[in-house]
Amino acid sequence: MAGVIVLIVLLGIAFAAGYFTRDHISSKRRAEARRWREYSEPDWLSANVPANTNEIASATPVVTGELGQMLTRWESRARARRAG
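Since this is a predicted model, take the numbers as computed values, not measurements. (Residues numbered from 1 in each chain as written. Predicted model: local features only at pLDDT ≥ 70, side-chain atom pairs only at ≥ 80, totals over all residues. Heavy atoms only, no water.)

Draft legend 1. Expanded view of the overall build of the chain. Across its full length, the chain holds two helices and zero strands. Evaluated residue by residue, the chain yields a buried proportion of 1% over its 84 residues. Per element, the accessible surface of the chain, about 8,500 Å² overall, is 61% carbon and sulfur. (Helix = DSSP H or I, 4+ residues; strand = E, 2+ residues; numbered from the N terminus. Buried < 20%, exposed > 50% of the residue type's maximum accessible area, 1.4 Å probe, protein only. Areas by Shrake-Rupley, 256 points an atom, 1.4 Å probe, with all protein chains shown as cover.)

Given below as structure tokens:
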């Protein structure tokens, strides 16, 4: 019985090692592809900006299309209804 448990544990370790190895190789390949294509990170994609916050990232007004303006109006009307 102990032998079966040892085999299962070793199989789990080998399985996990395979996933970690695959991830490492894939990340190296992606990094190399970015170097070959001279990839540069876009301005809007920054690791320093927190995600999923309710805070506005910048004080400058965001230019939106018609749909954005319509949603803003709906949200302001809903806030006004909730406020009384």
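Draft legend 2. Main features of the pattern of salt bridges. Summed over the entire model, instances satisfying the criterion amount to one salt bridge. Close ionic contact of R79 with E75 constitutes a salt bridge, the shortest N to O distance being 4.0 Å. Remark: E75 and R79 occur in helix 2 (residues 66-83); sequence separation between them is four residues, near one turn of the helix. (Salt bridge = Lys/Arg side-chain N within 4 Å of Asp/Glu carboxyl O.)

Draft legend 3. Layout of a positive patch on the surface. A contiguous patch of positive charge on the surface is contributed by R73, R77, R81 and R82. Along the chain, R82 turns up in helix 2. Judged by relative accessible area, which is 66%, R82 ranks as exposed. (Patch = residues over 30% accessible without salt bridge, like charges linked within 9 Å, V, L, I, M, F, W, Y side chains within 5 Å. Lys, Arg positive; Asp, Glu negative; His and termini not counted. Charge placed at Lys NZ, Arg CZ, Asp CG, Glu CD.)

Draft legend 4. Representation of the packing of aromatic side chains in the model. Scanning the model with the defined rule gives one aromatic pair in all. Geometrically, the ring pair formed by F15 and Y19 is edge-to-face, given 5.0 Å between the ring centres and 70° between the ring planes. Of this pair, F15 and Y19 both sit in helix 1 (residues 2-36), separated by four residues, roughly a single helical turn. Judged by relative accessible area, F15 falls into the exposed class, the value being 56%. (Phe/Tyr/Trp six-rings, centres within 6.5 Å; stacked < 30°, edge-to-face > 60°.)

Draft legend 5. Examining helix 2 more closely. An ideal rise of 1.5 Å per residue puts 26 Å on 18 residues; helix 2 measures up with 26 Å between its terminal C-alpha atoms. Directly after helix 2, the chain includes G84, whose backbone phi takes a positive value near 125°. (Expected span 1.5 Å × (residues − 1).)

Draft legend 6. Focus on helix 1. Look at helix 1: 51 Å from first C-alpha to last across 35 residues, which is about the 51 Å you get at 1.5 Å a residue. Just beyond helix 1, the residue with positive phi is E38, at close to 55°.

Purely geometric stuff here, so don't read any function into it on its own.
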